[in-house]
Amino acid sequence: MILSLALLAMAQVTEPVPTDDEIVVIARRLDEISASVGRDDKGRYHCSLSGSTGLARLDDRLCRAVTRCVQKGASDDQTINQCVAASKPKLIAQIRKEARKKK
């Protein structure tokens, strides 16, 4: 219960709106991050990242994108990397769109 409350509190923290220059840096970080997806004994998917973009919501979206790739059948590193590479421009575009809305 305490962990749930802590996670809820973290989710409610507003992240600062990145500038265009910061988005370029974030995009570079995104390219350097690798993700691992696995399944537990109950069949639930779990994702972990080798690092962070600096934006929790982008990290979460990256994990969701990688997990979707695996769920759709990507099983080897090359196929997963291609699937994720196709998702990264969309992820950055979402961050840019959100930043413009908040200005």
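The structure this text deals with has already been given above.
None of the values given here were measured: they were computed from a predicted structure.

Helices and strands together make up the secondary structure of the chain, namely four helices and two strands. For the chain, buried positions account for 25% of its 103 residues. When the accessible surface of the chain is totalled, it reaches about 7,300 Å², and 54% of it is carbon and sulfur.

This part is about the packing of helix H2 (residues 20-32) against helix H4 (residues 77-102). Running from N to C, H2 and H4 point in directions that differ by 155°, and their axes come no closer than 11 Å. As summarised for this structure, H2 and H4 are arranged roughly antiparallel, according to the angle between their axes. The crossing of H2 and H4 is right-handed. Residue-level inspection shows Ile23, Val24, Ile26, Ala27, Leu30 and Asp31 of H2 in contact with H4, the latter providing Lys88, Ile92, Ile95, Arg96 and Ala99. For the contact of H2 with H4, the class distribution of residues is eight nonpolar, no polar and three charged.

A word on the pairing of strand E1 (residues 35-39). As defined by bridge partners, E1 adjoins strand E2 (residues 45-49) across five bridges and the pair is classed as antiparallel. Its bridge partner being in E2, Gly38 is matched across the sheet by His46. In this structure, the hairpin formed by E1 and E2 is closed by a connection of five residues, where Gly43 is found at a positive phi of approximately 85°.

Here the focus is the nonpolar core. Grouped together as the largest cluster of nonpolar side chains are 16 residues, with contacts concentrated most on Leu58, Leu62, Val84 and Ile92. Contributing elements (two or more residues each) for this core: H2, helix H3 (56-71) and H4. Top contributing element to this core by residue count: H4, with six residues. With sequence-adjacent residues up to four places away left out, Val84 is seen in contact with Leu62, Val66 and Cys69.

A few words now on the layout of surface pockets. A volume near 280 Å³ is recorded for the second largest pocket. Along the walls of the second largest pocket sit 15 residues, with Ser34, Ala35, Ile80, Asn81 and Val84 positioned nearest its centre. For the lining of the second largest pocket, the elements supplying multiple residues, two or more each, are H2, E1, H3 and H4. In terms of residue count, H4 provides more of the lining of the second largest pocket than any other element does, six residues in total.

Conventions we followed
Residues numbered from 1 in each chain as written. Predicted model: local features only at pLDDT ≥ 70, side-chain atom pairs only at ≥ 80, totals over all residues. Heavy atoms only, no water. Helix = DSSP H or I, 4+ residues; strand = E, 2+ residues; numbered from the N terminus. Buried < 20%, exposed > 50% of the residue type's maximum accessible area, 1.4 Å probe, protein only. Areas by Shrake-Rupley, 256 points an atom, 1.4 Å probe, with all protein chains shown as cover. Axes fitted to C-alpha atoms, helices over the stretch in contact; angles between N-to-C directions. Parallel < 35°, antiparallel > 145°, perpendicular 65-115°, else oblique. Left-handed = near helix turned anticlockwise from the far one by under 90°. Contact = heavy atoms within 4.5 Å. Nonpolar A, V, L, I, M, F, W, Y, C, P; charged D, E, K, R; others polar. Pairing = 2+ DSSP bridges. Core = buried A, V, L, I, M, F, W, Y, C linked by side-chain atoms within 4.5 Å. 1 Å grid on protein atoms, 1.4 Å probe; cavity = no way out; pocket = protein on both sides within 12 Å on 5 of 7 lines; lining within 4 Å. Points joined across faces, edges and corners; volume = space filled by probe spheres on them.

Nothing here speaks to function; it is all geometry.
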